Amino acid sequence: MTRTSLLVAAGLLSCASAMGQETKSQPVARLITRFSPATTSTVVSANASPTLAEASAIERRAFAQTNAMRVQNGLPPLAWDADICRMARVHSESMSRLNYFSHTTPDGQRLRDRARAAGILTYTVLGENIAYNQGYDDPGAFAVERWMASDKHRANILSREFRAMAIGIYVAADGSVFLTQTFITR
């Protein structure tokens, strides 16, 4: 496969949209926001939450690469969060199927809304990076490499506020890989 395109974006709770990136432009990110849930919500997905052992090879690779970056920078590794993986997978699939690339769904759901819809009601901080790539032998590691090259994505990965994380991917029929990396402290 040839390398055809890459879009990488990071953002957090208040992000209206994430912008695509060509090699010369800068990714967009937003500040971390704290949240104390006060409302309840309906779970939109009854899919099982995968353990790290049940995660795909791409998800495990991106998770391992993220933790390697943290350890190299004197930080503890993040724990795997199965519920976050399920939520991230739903978002990656949604971006692919509905043809958008953003932290906000076409119907206006932002990260906090998606967390509530997934039944994740208690946390102190939540954050997210997203990526899209096609034609790479190791799409998970490539996404982490590109995130680390961006100050704002790197800040998410190296944040001392997060305790757990998961990657959720969706591979489209054309081979494009959508990755959602979600961070959480409960």
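What counts as what
Residues numbered from 1 in each chain as written. Predicted model: local features only at pLDDT ≥ 70, side-chain atom pairs only at ≥ 80, totals over all residues. Heavy atoms only, no water. Helix = DSSP H or I, 4+ residues; strand = E, 2+ residues; numbered from the N terminus. Buried < 20%, exposed > 50% of the residue type's maximum accessible area, 1.4 Å probe, protein only. Contact = heavy atoms within 4.5 Å. Areas by Shrake-Rupley, 256 points an atom, 1.4 Å probe, with all protein chains shown as cover. Phe/Tyr/Trp six-rings, centres within 6.5 Å; stacked < 30°, edge-to-face > 60°.

A few words now on the overall build of the protein. Of the regular secondary structure elements, the protein holds 5 helices and 6 strands. For the protein, the α and β elements follow one another from N to C terminus as β-β-α-β-α-α-β-α-α-β-β. When each of the 186 residues of the protein is scored for burial, the buried share is 53%. Long-range contacts, defined here as pairs at least 24 residues apart, represent 73% of the contacts in the protein between residues at least 6 apart. Working note: accessible area of the protein is about 8,800 Å², and carbon and sulfur atoms make up 51% of it.

Glancing now at the packing of aromatic side chains. Any aromatic ring pair is given by two values, namely how distant the centres are and how the planes are angled relative to each other. Inspection of the entire model under this criterion finds 4 aromatic pairs. Aromatic pair Y132 and F178: ring centres 4.9 Å apart, planes at 55 degrees, arrangement tilted. Of this pair, Y132 sits in strand β4 (residues 125-134) while F178 sits in strand β6 (residues 177-185), placing them 46 residues apart in sequence. Neither residue differs from the other here; Y132 and F178 are each classed as buried. Consider the rings of F162 and F183, whose centres lie 4.9 Å apart with planes at 25 degrees: the pair is stacked. With F162 in the loop between α5 (151-157) and β5 (164-171) and F183 in strand β6, the pair connects residues that are 21 residues apart, well separated along the chain. Pair check on accessibility: F162 and F183 agree, each one buried.

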